[in-house]
Amino acid sequence: MRGKALMSNSLRIAWKDLMELFRNRLGLVMLVLMPIFMMAMVGFIFPSNNSLNHVPVALANQDAGFGGSTVGSQVFLTVLNGINDQTGMLDISNVTNLDALKESVQRGDVQGGIVIPSNFTQCILSGQQGTLIIMTDNSNPQVSAAMQGALTAVFQQMGTMLAQQNVIALNPAINATSALAIVQPYNVEVEGVVSGHSSYFDFIAPGIMAMTVMMSVMTGLPAAISQEKEVGTLDGMMVAPINRLSIIVGKTLAQTARGLLQGVLILILASVLFGISIQGSILLVFGLLLLGVFSFVGLGVVLTSFAKDQETAMMVMMTLMFPMMFLSGVFFPVQQMPWYMQSISKVLPLTYAADALRKVMVLGAGIPQITTELAVLITFGLVMIAIAVPVFKRAMTR
Amino acid sequence: MLRYIAVVHNEGVALNNESIIVVQNLTKAFGDFVAVDNVTFDMKKGEIFGLLGPNGAGKSTTIRMLSTLTRPTKGTATIGGFDVVKQDNEVRKLIGIVSEKMIMYNRLTARENLWFFGNLFGMQKEELNRRIDELLELVQLTKWGKAQVGTFSSGMKQKMNIIRALLNMPQVLFLDEPTLGLDPQSTVEIREFIRKLNQEQNTTILITTHMMVEADLLCDRIGIIDHGKIVALDTSTNLKNAISGANTTIFTLEIANLTPDLLATLRALKCVETVSQENSSHIKIHAHGDDAFDSIIDAVRAKNGNVVSMQNIQPTLEDVFLHITGREVRDTADQKIPLAEHRHGFGGVSRGRRR
């Protein structure tokens, strides 16, 4: 009976909060825009595999030829253009010599260059290694590293083809496949646990979902309550003969609904705009989001009790939010961090929520594979609520 | 059971059976600052009781403690026999509160607001609907029922604020500065509404105000509160009589050539308690003793003052307030001010020169 009254009063308060939310047009627009911005920002800022396109590159062909033939550089250019037509990675322009190339880089017209030395054909035809030079732009290490990597791969592929032909030329009995095996005895194939191509979005989308939903409780709850305290409407609920817990339960329900709404938006955006698919069960995804909310409620309530006014509440929130965002492996893998940061990360519940969500969404894991994360989240939630309830009750009647 | 406890704690104070609110040594301290200091009073059923005092005197804190919103540091209070701390939920069923701040959600309509708060009081659907119709009709807001409260004028909002507190048909209504910031017309309307409520429903009303006129117009009894203490408590008439009874006369003087020097001279007179300047030529003097009139006229003449007119006026509540909360009274309040329960006001107030 008491439980029933608590629940129905909580629902009334949640209804009231949501009504206020839906009548606030600007707030509603922001509610939709926030996840869009978030996804777009992190999605487009961070480099992914195919983000390097049409890098301007200069080519200085100084090949002097050997016996009137420039076959070495011709073959090279044909293959290079062939590969580049497929990937569209480089925009190649021709320059006359090395100095012109350097100047182009200095002017910023191109971001690197390829130099074919004068003895290129001579070396290849006389059975020596043909050397190519990649000039990089030292002022932009990231682009030059990517270009370097890509060009090296191109040269390597060409080298392999050439070697393959040479082997066949030496012994016509060997077929092409065996010739490849002689030139390159090891072949590496990369395969994910789940088939298909995965991008940075796959990594980041679950984290952002977890973060948005949980933050909505952690920050939304104190903000909502301290706002009502300041305006004075909280007194209206406090003088009603209801269990004061229903105020917090009701507000939590409203904030959870708001957070889940944003979570769903992120999910839709992620799949429509960035082509992410959920490998595991979608029910489990929502279950995890709810569990995340549960684990954060206590923390939110404690903060609510300590924050006297809205301004303080917001400041406390910001202070806690940023380390949480960056240390929980939402944007950067935890494994990249130094050990002490990793240990901090291990005590943040968001880490576990984001991890579990990633496992389910990207790797298609089920409950048995995420028991540790579940246990941590449940324990954290229970402990925080056990602390929060008495603290809240005291704080409300100061 | 609780009544019994209350009586035991209440030794020496004649507890009327009809007392609906009994306050005993109620104290609230915020750190070192004592907002409400050992306040003791009781209220009878159907009474309008006013707490009159300047801003920061402890009026709101007293109301917040009585309405279970703040926990007292010391002392007890019961409403309808229920302790405001131990049986807070029972108390909440009996009371309604109109606080200084608007308890209304701007983005909800008038009806939605009332519906929300009525639900929290566990009112049934039909009963609540009827009650909402009734209350909106009462304050003539029926046609605004479906409009968002945020679009209302402050007068309309305050009416909403008051009928919200009446949803659960409270036996006791707390009104914290109910006419603050309202235009004269709305103020009159709200006051009439309060009186009507008291007469028709026999609702016991505790009202705080810093407006003397309001207290004078509405309240059966007035407690003057200053620095957290109730320094006087009686009917408006008795409070005023206490001044006259204490041999205090109040004059207004119109002096054509009023100078600061003249004011200082008047203030220095032995028989003068306070001198307040009302405009460039009018002053108001509280004086005592049979020869006060002569002394004042003599003093003005001695300074070549040109008395245009002089009037002996009846004390208003404002005069009472000035009389009691003057600085010297404050300093000696502990010894000189009789207990709030004392029926005969403040005959023992020291009558030194003020300011």
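Owing to the predicted nature of the structure, the values given are computational and were not obtained by experimental measurement.

Chemist: Explain the overall build of chain A here, please?
Modeler: A count of helices and strands for chain A gives 15 helices and four strands. Taken over the C-alpha trace, chain A has a radius of gyration of 30 Å; the compact-globule value for 398 residues is 21 Å, which it surpasses by more than 25%. Sorting the 398 residues of chain A into buried and exposed places 45% on the buried side. Counting 19 positive and 19 negative side-chain charges, chain A places the averaged centre of each group 24 Å from the other.

Chemist: Whenever I open this one, the pairing of strand β11 (residues 248-255) of chain B confuses me. Can you help?
Modeler: Working note: regular strand, side chains alternate between the two faces of the sheet. Residue and element names in this part refer to chain B. In terms of burial, β11 is largely enclosed, as seven of its eight residues are buried. Taken together, the seven bridges between β11 and strand β13 (residues 282-288) define a ladder with antiparallel strand orientation. Pairing of Thr248 across the sheet is with His288, part of β13. Summarising the sheet, β11 and strand β14 (residues 307-313) pair through six bridges and their orientation is antiparallel. For Leu253, the partnering residue across the bridge sits in β14 and is Met310.

Chemist: I'm lost on the interface of chain A and chain B in this one. Help?
Modeler: Interfaces are often described in size by the accessible area the parts lose on coming together. Facing the 27 residues of chain A at the interface are 26 residues of chain B. Among the residues chain A hides against chain B, the three largest losses belong to Arg23, Val239 and Pro241 of chain A. Together they make up 26% of the total. Our count for the chain A to chain B interface comes out at two salt bridges. Inspection of the chain A/chain B interface yields nine residue pairs in polar contact (both at pLDDT 80 or more). Broken down by secondary-structure element, the contributors of at least two residues to the side of chain A that touches chain B are α1 (2-23), α8 (200-231) and α9 (233-238) of chain A. Ranked by residues supplied to the side of chain A that touches chain B, first place goes to α1 of chain A with eight residues. Its residues assigned to classes, the side of chain A that touches chain B comprises eleven nonpolar, six polar and ten charged.

Chemist: Would you mind showing me how to read the domain arrangement of chain B here?
Modeler: All names here are of chain B. Here chain B is partitioned into domain 1 (2-234) and domain 2 (239-336). Using C-alpha coordinates to define each centre, domain 1 is positioned 37 Å away from domain 2. Every contact between the two is made by 14 residues of domain 1 and, on the other side, ten residues of domain 2. At the boundary of domain 1 with domain 2, total buried surface from both sides reaches about 1,100 Å², with 76% on carbon and sulfur atoms. Summed over the three residues of domain 1 that lose the most area to domain 2, namely Met212, Ile224 and Asp226, the buried surface amounts to 42% of that side. In this structure, the connection of domain 1 to domain 2 is made through one salt bridge. Residue Asp216 pairs with Lys240 through a salt bridge whose shortest N-O separation is 3.0 Å. Listed by contribution, the elements that provide at least two residues to the side of domain 1 that touches domain 2 are α8 (212-218), β9 (221-226) and β10 (229-234). Looking at which element gives the most residues to the side of domain 1 that touches domain 2, the answer is β10, with four residues.

Chemist: Honestly, the domain arrangement of chain A in this entry has me stumped. Any pointers?
Modeler: Looking at the assigned domains, one finds that chain A contains domain 1 (2-47 + 199-396) and domain 2 (52-183). A separation of 53 Å is found between the C-alpha centroids of domain 1 of chain A and domain 2 of chain A.

Chemist: Just checking my understanding: could you explain a nonpolar patch on the surface for this structure?
Modeler: Residues and elements named next belong to chain A. Taken together, the side chains of Phe66, Val71, Val75, Leu125 and Leu162 make up a nonpolar region of the molecular surface, amounting to roughly 370 Å² of accessible area. Assignment of secondary structure puts Phe66 in the loop between β1 (55-61) and α3 (71-87). Owing to a relative accessible area of 36%, Phe66 belongs among the partly exposed residues under this scheme.

Chemist: Explanation requested: a negative patch on the surface in the structure shown.
Modeler: A cluster of acidic side chains, namely Asp290, Asp291, Asp294 and Asp298 of chain B, defines a negative patch on the protein surface. Within the secondary structure, Asp291 of chain B sits in the loop between β13 and α11 (292-302).

Chemist: For this particular structure, what's the right way to read the packing of aromatic side chains?
Modeler: Residues and elements named next belong to chain B. Under the counting rule described, the total for this entry stands at nine aromatic pairs over all chains. Their ring planes at 75° and their centres at 5.9 Å tell us that Tyr105 and Phe116 sit as a pair that is edge-to-face. Remark: Phe116 occurs in helix α4 (residues 110-120) and Tyr105 occurs in the loop between β6 (95-98) and α4; sequence separation between them is eleven residues. What links up through ring pairs into an aromatic cluster is the set Tyr105, Phe116 and Phe117. In this arrangement the basic side chain of Arg164 is found over the ring face of Phe117, its NZ or CZ atom lying 5.5 Å from the centre.

Parameters and conventions
Residues numbered from 1 in each chain as written. Chains lettered and ligands numbered in written order. Predicted model: local features only at pLDDT ≥ 70, side-chain atom pairs only at ≥ 80, totals over all residues. Heavy atoms only, no water. Helix = DSSP H or I, 4+ residues; strand = E, 2+ residues; numbered from the N terminus. Rg over C-alpha atoms; globule rule 2.2 N^0.38 Å. Buried < 20%, exposed > 50% of the residue type's maximum accessible area, 1.4 Å probe, protein only. Lys, Arg positive; Asp, Glu negative; His and termini not counted. Charge placed at Lys NZ, Arg CZ, Asp CG, Glu CD. Pairing = 2+ DSSP bridges. Contact = heavy atoms within 4.5 Å. Buried area = accessible area lost by both parts, 1.4 Å probe. Salt bridge = Lys/Arg side-chain N within 4 Å of Asp/Glu carboxyl O. Polar contact = N/O pair within 3.5 Å; in protein donor to acceptor, adjacent residues only side chain to side chain. Nonpolar A, V, L, I, M, F, W, Y, C, P; charged D, E, K, R; others polar. Domains from an automatic or database assignment. Patch = residues over 30% accessible without salt bridge, like charges linked within 9 Å, V, L, I, M, F, W, Y side chains within 5 Å. Areas by Shrake-Rupley, 256 points an atom, 1.4 Å probe, with all protein chains shown as cover. Phe/Tyr/Trp six-rings, centres within 6.5 Å; stacked < 30°, edge-to-face > 60°. Lys NZ or Arg CZ within 6 Å of the ring centre and 35° of its normal.

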